[in-house]
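As a plain string of letters, each chain reads:
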Amino acid sequence: MFDRIKDQAKGLQQSRGGGARPGGTGSGGTGSGGGSKAQLMSLFKSQLSSMKSELKSGAYRDASMAVCALVAAADGHVHPAERERMDSLIVSNDVLQNFPPEQLRQRFTQHLDRLTVNFQQGKAEAMQEIAKAKKKPAEARAVIQTGFVIAGADGHTDPAEQQVLREACTALGLPPSEFGL
């Protein structure tokens, strides 16, 4: 399955002039450098959409909600407007529509609440949930891609968001460099 995704990504990269290489994004990115990041987000969205019918497991759902909560709380604070925006992004995400919105909200909110009360303990619990998706490499990659799509929905990915995504990669046994981290 991952070979199919890689082939799709290669075809997408070639059709867009090759600018969507994950390793080529770096960690900066303001102003005109956003083009390649936008292409990377588009690539991740395309790959996730192509796998939608295969991403129906509880492990993917739970790990995705954990990574979304980590992204939302990455800077140590979760503002009510940010919580509402993230909730909206999650329930409107094409791939996550495989699951009932209330299930997604419940899991996302549980993780956010834990992160708000005690960030380090909540983070450890979220990482344990994320690690459960490690058994299926395609789902593990999809969890990271989902995190990136949610993190990049506002047009940029903050350094703190990138750091939690790196840590999620480690929990899943994936090289962060595969995602341009």
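Remember, it's a predicted structure, so these values are computed and weren't measured experimentally.

Participant: Would you mind going over the pattern of salt bridges with me for this structure?
Facilitator: For the coordinates displayed, the defined rule picks out nine salt bridges. Ionic pairing is found between Arg105 and Glu102, a salt bridge with its closest N-O pair at 3.9 Å. Taken together, the residues span about one helical turn, with Arg105 and Glu102 both in helix H5 (residues 101-117) at a distance of three residues. Judged by its relative accessible area of 29%, Arg105 falls in the partly exposed class. Note on Glu102: relative accessible area 53%, which makes it exposed. A single salt-bridge network, built from bridges that share partners, covers Arg61, Asp62 and Arg107.

Participant: I tried to follow the environment of Lys134 on my own but got confused; where do I start?
Facilitator: Tracing the backbone through its elements, the reader meets Lys134 in the loop between helix H6 (119-131) and helix H7 (137-151). With 74 residues separating them in the primary sequence, Lys134 and Tyr60 have C-alpha atoms 9.6 Å apart. The residues touching Lys134, leaving out its near neighbours within four places in the chain, are Ala140, Ala171, Leu172 and Gly173.

Participant: Please clarify how the packing of aromatic side chains should be interpreted in this entry.
Facilitator: The description of two aromatic rings rests on the distance between their centres and on the angle between their planes. Using the criterion set out here, one finds two aromatic pairs in the structure. Each ring, one from Tyr60 and one from Phe99, has its centre 6.3 Å from the other, and the planes form 35°; the classification is tilted. A residue pair is termed long-range when its members are at least 10 positions apart, and Tyr60 in helix H3 (residues 58-72) and Phe99 in the loop between helix H4 (80-92) and H5 qualify at 39 residues. The buried category is assigned to Tyr60, whose relative accessible area is 0%. Seen in terms of ring centroids, Phe148 and Phe179 are 6.5 Å apart; in terms of plane orientation they differ by 20°. Their pairing is stacked. Here Phe179 lies in the segment after helix H8 (159-172) and Phe148 lies in helix H7, a separation of 31 residues in the sequence. Classification of Phe148 by relative accessible area gives buried; the value is 4%.

Each value, and the rule that gives it
- Throughout this document, residue positions are counted from 1 along each chain, in the order its sequence is written.
- Two thresholds apply to this predicted model, a pLDDT of at least 70 for residue-level local features and 80 or more for giving and counting side-chain atom pairs, whereas whole-chain, interface and lining totals are computed over all residues.
- Side-chain numbers here rest on the full set of heavy atoms in the structure, without hydrogens or water.
- A pairing counts as a salt bridge when a side-chain nitrogen of Lys or Arg comes within 4 Å of a carboxyl oxygen of Asp or Glu.
- Elements are defined by DSSP. Helices are runs of H or I of four residues or more, strands are runs of E of two residues or more, and each kind is numbered from the N terminus.
- For every residue, the accessible area (1.4 Å probe, protein chains only) is compared with the maximum for its type, and the residue is labelled buried under 20%, exposed over 50%, or partly exposed between those bounds.
- Whether two residues are in contact is decided by their heavy atoms, any of which lying within 4.5 Å being enough.
- For Phe, Tyr and Trp, where Trp contributes only its six-membered ring, two rings pair if their centres lie within 6.5 Å, and the inter-plane angle classes them as stacked under 30 degrees, edge-to-face over 60, or tilted in between.

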